[in-house]
Amino acid sequence: MATIDSQYPIDLRSDTVTRPSAPMREAMAAAEVGDDQYGEDPSARGLEEAVAALFGFPEAMFVPTGIMANHIGIRLLVGPGEELICDADAHIVAHENGGLAAHAGIQTRTLPSARGLLDPDALAGMIRVGDRYTVGTRAVEVENTHNRGGGAVYPLETLQGIRALTDASGIGLHLDGARIWNAHAATGVPLKEYGAIAHTMSVCMSKGLGAPAGSLLLLPAGRSEEARSLRRRLGGSMRQVGILAAGAHYALEHNLGRLSQDHENARRIATALRAAGASVREPETNIVLVDAADAPAVAKECFAKGVRISAFGPKLLRIVTHLDVSAQDCDTAADVVSSVLMQSPERA
């Protein structure tokens, strides 16, 4: 087994653990800035215009986090006491601390789906028309790629079917595109085709692309002032945010084209673990899900050996590749994880 420097562990817990490169830091240091609450930060405005154009939206808004982008986008489509339908393992219900209910009074109704991908036919039976006795469905949310689905990618035709269903039902569609960049890299589907699916859409700059912080909410025409008011209400308005926006813009220009390397490294890890006898789900993008009898214990032992991975549940491990890990790092990590798994008293 290769030796790992204890000061520099191989961190595969998430693609959010990346650190800005020296050129990215230079771009951030050189950023032209202004007060964003007054709409006077040119770096933030430039990033918003660039991302909106990529996805074919009229406007975009920079926010500190993907959770905030999701909550504001959904709030533009769904009011307090109204209903949103999403997958049962969607990030917005599994990992956002009940924010939609707490901050906006939005009711969510969930549908279990294979790999987290909603089926339009099954979804059609869930949509309700509201009246004085019944909570009406006001929007559907989809997540592409799907985190708890192991980085699963929606087929474009499925997304188009969901959009057609929401149009026919007179309701909205929000796309959580935190890892939409990975979906684009895996399929070659143009970003504008993904953008055409959604009424509102979030994209994250710190997952995969390697920016230190920030997401954007893509907006329909005429909703910018309302969205910025909601951002302020949630405490997300900032001042000289162009320093962060410049890092995100650098990431977009330099790191989007290399995402296929992360996907290849994920397959590399999966192949090595499977060869060692582990139960591994074939990765579609940069997330590897591994079955384990005691996932927290395995993650703890791997940590002690210099490899950081996530216990994604009592019996499930998550390994995420990103730009700060090399193919050699992935080989070493697979060696460590497989040795810990095979030494476990209760094999998965």
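Remember, it's a predicted structure, so these values are computed and weren't measured experimentally.

Parameters at a glance
- Numbers given for residues are sequential positions, taken from 1 along each chain in its written order.
- Where totals are concerned, whole chains, interfaces and linings use all residues; where local detail is concerned, this predicted model gives features only for residues with pLDDT of at least 70, and gives and counts side-chain atom pairs only at 80 or more.
- Hydrogens are left out, water is left out, and the side-chain values use all remaining heavy atoms of the structure.
- If DSSP finds at least two bridges between two strands, the strands pair.
- Each helix is a run of H or I in the DSSP string that is no shorter than four residues. Each strand is a run of E no shorter than two, and both are numbered from the N terminus.
- To obtain an axis, a line is fitted to C-alpha atoms, over the contacting stretch when the element is a helix, and the angle between two such axes runs from 0 to 180 degrees between their N-to-C directions.
- Any pair of residues with heavy atoms lying within 4.5 Å of one another is described as a contacting pair.
- We call a pair of cysteine sulfur atoms a disulfide whenever their separation is within 2.5 Å.
- For our purposes a nonpolar core is just a set of buried Ala, Val, Leu, Ile, Met, Phe, Trp, Tyr and Cys residues, chained together by side-chain atoms within 4.5 Å.
- Working definition: with a 1.4 Å probe on protein chains only, accessible area under 20% of the residue-type maximum means buried, over 50% means exposed, and in between means partly exposed.
- In protein, a polar contact means a hydrogen-donor-capable atom and an acceptor-capable atom, both N or O and within 3.5 Å, with residues adjacent in sequence counting only if both atoms are side-chain atoms; elsewhere, any N or O pair within 3.5 Å suffices.

A few points about the sheet that holds strand β5 (residues 137-143)
Phase 1 of the analysis: With mixed pairing, the seven strands of this open sheet are ordered in space as β2-β8-β7-β6-β5-β3-β4. Both edges of this open sheet fall to β2 (59-63) and β4 (107-111), since each of them pairs with a single strand only. Each strand axis lies, on average, 20° off the axis of its neighbour in the sheet, ignoring direction.
Phase 2 of the analysis: In this sheet, strand β7 (residues 200-204) lies alongside strand β6 (residues 172-177) in parallel orientation, the contact comprising four bridges. Across the sheet, residue H174 finds its bridge partner in β7, namely T200.
Phase 3 of the analysis: Sheet contacts for helix α3 (residues 66-75): β2, β3 (83-87), β5, β6, β7 and β8 (215-219); angle to β8, the most-contacted strand, approximately 15°.
Phase 4 of the analysis: Here helix α10 (residues 224-233) sits on the sheet and contacts β2 and β8; the angle it forms with β2, its principal contact strand, is near 10°.

Some thoughts on the state of the cysteines
Phase 1 of the analysis: Using the criterion set out here, one finds zero disulfides in the structure.
Phase 2 of the analysis: Left without a disulfide partner, C330 is nearest to the cysteine sulfur of C302, which lies 14 Å away.

Description of unusual backbone geometry
Phase 1 of the analysis: That bond from N144 to T145 is cis: its omega, 0°, falls within 30 degrees of zero.
Phase 2 of the analysis: Within the fold, T145 resides in the loop between β5 and α7 (156-169).
Phase 3 of the analysis: Of note in the backbone geometry, N97 takes a positive phi value of approximately 55° without being a glycine.
Phase 4 of the analysis: Relative to the elements of secondary structure, N97 occurs in the loop between α4 (91-94) and α5 (99-104).
Phase 5 of the analysis: Phi is positive for R115, close to 60°, though the residue is something other than glycine.
Phase 6 of the analysis: As for its placement among the helices and strands, R115 is situated in the loop between β4 and α6 (120-124).

Describing the sheet that holds strand β9 (residues 280-281)
Strand pairing in a sheet is mediated by backbone hydrogen bonds. Such pairs are either parallel or antiparallel.
Phase 1 of the analysis: The four strands lie next to each other as β9-β10-β13-β12, forming an open sheet whose pairing is antiparallel. Where the open sheet ends on each side, the last strands, each with one partner, are β9 and β12 (310-313).
Phase 2 of the analysis: Sheet topology note: the β12/strand β13 (residues 316-320) ladder contains three bridges and is antiparallel. Among the inter-strand pairings, G313 is bridged to a residue of β13, identified as L316.
Phase 3 of the analysis: Across the sheet, helix α13 (residues 295-304) lies against β12 and β13, angled at about 175° from β12, the strand it touches most.

Here's the deal with the nonpolar core
Phase 1 of the analysis: Grouped together as the largest cluster of nonpolar side chains are 51 residues, with contacts concentrated most on F55, W181 and M201.
Phase 2 of the analysis: Ignoring any residue separated from it by four or fewer positions in sequence, one finds M201 in contact with F55, F57, H174, L175, I180, Y194, G195, L216, L217 and L218.
Phase 3 of the analysis: Counting 27 residues, the second-largest nonpolar core is a separate cluster that includes A270, A292, I319 and V337.

Brief notes about the side chain of D15
Phase 1 of the analysis: Along the chain, D15 falls in the loop between β1 (10-11) and α1 (22-29).
Phase 2 of the analysis: At a separation of 2.8 Å, a polar atom in the side chain of D15 contacts the side chain of R179.
Phase 3 of the analysis: At 3.0 Å, the side chain of D15 forms a polar contact with the side chain of N286.
Phase 4 of the analysis: Setting aside anything within four residues of it in sequence, one finds D15 in contact with R179, S206, K207, G208, N286, V320, T321 and H322.

Quick word on the environment of A124
Phase 1 of the analysis: Turning to its location among the elements, A124 is positioned in helix α6.
Phase 2 of the analysis: Considered as a pair, A124 and R45 are 79 residues apart in the sequence and their alpha carbons are 39 Å apart.

A closer look at the environment of K305
Phase 1 of the analysis: Looking at the element boundaries, K305 is found in the loop between α13 and β11 (307-308).
Phase 2 of the analysis: For K305, a relative accessible area of 33% corresponds to the partly exposed category.

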